[in-house]
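Each chain, written out:
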Amino acid sequence: MEISFLGAVDTVTGSRHLVHIGGQRILLDCGLFQGFKTYRTRNWLPFPIPPKDIDAVVLSHAHVDHSGWLPVLVREGFAGRIYCSAATRELTEVLLLDSAHLQEEDARRANRFGYSRHTPALPLYTTADAKRAIKRLEVVGTNEPFMIGHVHATLTPVGHLLGACAVTLATGHHQTLVFSGDLGRDNDLLMPPPQRIAHADVLLIESTYGDRRHPVVDVGAQLGEIIRNTSSRGGTVLLPSFAVGRAQALLVCLQRLRASGAIPDTLPMYLDSPMAATATTLYRQHRRLLRLSPYEAEHLCDGVTVIENAQQSEELTRSRYPSIIISASGMATGGRVLHHLRALAPDPRNHIVFPGFQVPGTRGAKLIEGAPDVKIFGTHVPVKARVSHLEGFSGHADADELMNWLKGFEKPPRQTFVVHGDPAASDALRLRIAEELDWNVLVPEHRSTMTV
Ligand code: ZN
């Protein structure tokens, strides 16, 4: 078989691996490049082969760094099916429509301020493009092989995000490829641990945290203490959160804190993000896939006011009563959370808690570094509120958990490729796999093709 590494090999975004196997050209993931501009410009390059020559796409999970380029692939001529799990289909719909909206907003802004070299600036893709891609999503069961031509394909749940799976492609003897997708944690709040896979001849393993261990902390206890202290001095706790996955984990955490009496059950809780509200509904519908009891899934939003519209959101920003507010975006780069930040940051009684990774250069990263003020809607807002970063909410396996998952393989794959990591993380994992497991392992180069 032949594999072309077309994204997420020198970075954690743009996941795209083209596998030529059993006479089929199968694209594993079709993600958007994000972060620094050098990566983002890759979104505008044509696909290395005509998209019409790709037979099928298999999607590991819904995160846009794995799914967010599908609208371009379909617009540029891809005519096959996009296979994924049922929950991935539903989350992908939500995330692709949001991504298209952001692309359209970017183009509008570029036109308004004239900072595009192209006039008029065009979005990378539109809502109509996203809808066309969504129509191609084809649901397949997990742990049930399905056929792509003569290739047996299987999705295996790996925690991380609702619907997330590893992908196996197999044909004949010694031709089994396993792609980990993003692996979840052994002890996640919401998702069960990643299922192990017994056999691979060729393995692609992610390495987001390939050089790091998650701190051993009880994030619930940390959050509980912050909430108690903040509310006792009359302040509000603002949780800027990713709408899908993280917001639901926070809800679980808050419900448990309330049930145990660790935080007062009279303290109002708000979920102010339309996408988080939709995602929460999907999580509850797919409760069988979660690590929650039916009771917990049923009562996830008890006592939580879900903010429906912009007007209610504005009213909430004017409120001076102590409360807990979950709002997006997770890195305070946009969305309703900006209005809350502007209202809450100048008051030392409040506490802003970031429960997710903050990409360097974002407003969230500046705040956790202790910036004395932040620019919001063109004005400098002084930051007098406390700011914390809770790292224990990560949805990714750390280096030890990645190594543990690898130990599930009964014998070493013929070749292992370390993908989906920054260079230092990928190389650290490569070294551990070589030294601790004595496997054949390498980190492929961006746009390289290997025959294995
Ligand atoms: Zn992911």
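Residues numbered from 1 in each chain as written. Predicted model: local features only at pLDDT ≥ 70, side-chain atom pairs only at ≥ 80, totals over all residues. Heavy atoms only, no water.

> Can you walk me through the domain arrangement of the protein chain in this structure?
Frequently, the measure chosen for interface size is the accessible area that the parts lose on association. The domain architecture assigned to the protein chain consists of domain 1 (2-212 + 395-451) and domain 2 (219-393). Domain 1 and domain 2 are separated by 29 Å when their C-alpha centres are compared. In this assembly, 21 residues from domain 1 lie in contact with 21 residues from domain 2. On the domain 1 side of the contact with domain 2, Leu 162, Leu 189 and Leu 190 bury the most area, a combined 39% of that side's loss. Linking domain 1 to domain 2 there are 0 salt bridges. Joining domain 1 to domain 2, the criterion identifies 7 residue pairs in polar contact (both at pLDDT 80 or more). In terms of residue class, the side of domain 1 that touches domain 2 is made up of 13 nonpolar, 2 polar and 6 charged. (Domains from an automatic or database assignment. Contact = heavy atoms within 4.5 Å. Buried area = accessible area lost by both parts, 1.4 Å probe. Salt bridge = Lys/Arg side-chain N within 4 Å of Asp/Glu carboxyl O. Polar contact = N/O pair within 3.5 Å; in protein donor to acceptor, adjacent residues only side chain to side chain. Nonpolar A, V, L, I, M, F, W, Y, C, P; charged D, E, K, R; others polar.)

> What's the story with the coordination of the zinc ion in this structure? I'm lost.
Each pair of donors in an ideal four-coordinate tetrahedral metal site encloses 109.5 degrees, whereas pairs in an ideal six-coordinate octahedral site enclose 90 or 180 degrees. Looking at the metal site, the zinc ion is ligated by His 61 (NE2), His 63 (ND1), His 160 (NE2) and Asp 182 (OD), spaced 2.2 to 2.3 Å from it. Bound by 4 donor atoms, the zinc ion shows angles of 92 to 166° at the metal and therefore irregular coordination geometry. Between consecutive donors of the zinc ion, the numbers of intervening residues give the motif H-x1-H-x96-H-x21-D. Remark: His 160 occurs in the loop between strand S8 (151-157) and strand S9 (165-170) and His 61 occurs in the loop between strand S4 (56-58) and helix H2 (64-67); sequence separation between them is 99 residues. Residue classification places His 160 among the buried residues on the basis of a relative accessible area of 9%. (Donors = N, O, S within 2.8 Å, 3.2 Å for Na, K, Ca; no water. Tetrahedral: all angles 85-135°; square planar, octahedral: opposite > 155°, others 65-115°. Helix = DSSP H or I, 4+ residues; strand = E, 2+ residues; numbered from the N terminus. Buried < 20%, exposed > 50% of the residue type's maximum accessible area, 1.4 Å probe, protein only.)

> Even after reading the chapter, I still don't get the pairing of strand S16 (residues 351-354), so can you show me in this structure?
Looking down a regular strand, the side chains alternate between one sheet face and the other. Residues of S16 alternate between two faces, with His 351 and Val 353 on one and Ile 352 and Phe 354 on the opposite face, all of them buried. Both strand S12 (residues 237-240) and S16 contribute to a ladder of 2 bridges, which runs parallel. Residue pairing in the sheet places Leu 238 in a bridge with Ile 352 of S16. As paired elements, S16 and strand S19 (residues 386-389) share 4 bridges and run parallel to each other. What sits directly across from Ile 352, in S19, is Val 387. (Pairing = 2+ DSSP bridges.)

> I would appreciate a short explanation of the packing of helix H10 (residues 310-318) against helix H11 (residues 337-344) in the present structure.
The geometry of a pair of packed helices is captured by two quantities: the angle between their axes and the separation between those axes. Direction vectors running N to C along H10 and H11 enclose 15°, while the axes themselves pass 9 Å from each other. Taken together, the axis directions place H10 and H11 in an arrangement best described as roughly parallel. Considering only the axes of H10 and H11, their crossing is right-handed. Seen from H10, the contacting residues are Ser 313, Leu 316 and Thr 317; seen from H11, they are His 339, His 340 and Ala 343. Its residues assigned to classes, the contact of H10 with H11 shows 2 nonpolar, 4 polar and no charged. (Axes fitted to C-alpha atoms, helices over the stretch in contact; angles between N-to-C directions. Parallel < 35°, antiparallel > 145°, perpendicular 65-115°, else oblique. Left-handed = near helix turned anticlockwise from the far one by under 90°.)

> Please clarify how helix H8 (residues 274-285) should be interpreted in this entry.
Taking 1.5 Å per residue as the helical rise, H8 with its 12 residues ought to reach 16 Å, and the 17 Å between its terminal C-alpha atoms agrees with that figure. When H8 is considered as a whole, its buried residues turn out to be Ala 276, Ala 277, Ala 279, Thr 280, Leu 282 and Tyr 283. (Expected span 1.5 Å × (residues − 1).)

> Sorry if this is basic, but what is going on with the packing of aromatic side chains here?
Each pair of aromatic rings is reported with the distance of its centres and the angle of its planes. One pass over the structure, following the stated rule, counts 5 aromatic pairs. Centre to centre, the rings of Trp 405 and Phe 409 are 5.4 Å apart; their planes meet at 90°, and the pair counts as edge-to-face. On the accessibility criterion, Trp 405 (3% relative accessible area) is buried. With 6.3 Å between their ring centres and 80° between their planes, Phe 409 and Trp 439 make a pair best called edge-to-face. Here Phe 409 is found in the loop between helix H13 (399-406) and strand S20 (415-419), whereas its partner Trp 439 is found in the loop between helix H14 (423-437) and strand S21 (441-442), with 30 residues between them in sequence. There is no split in this pair, since Phe 409 and Trp 439 are both buried. Aromatic ring contacts, followed pair by pair, group Trp 405, Phe 409 and Trp 439 into a single cluster. Over the face of the ring belonging to Trp 69 we find Arg 16, whose NZ or CZ atom lies 4.2 Å from the ring centre. (Phe/Tyr/Trp six-rings, centres within 6.5 Å; stacked < 30°, edge-to-face > 60°. Lys NZ or Arg CZ within 6 Å of the ring centre and 35° of its normal.)

> Would you take a moment to explain the environment of Arg 132 for this structure?
As for its placement among the helices and strands, Arg 132 is situated in helix H5 (residues 127-135). A relative accessible area of 43% means that Arg 132 is categorised as partly exposed. Side chain to side chain, Arg 132 and Asp 129 meet in a polar contact 2.9 Å long.

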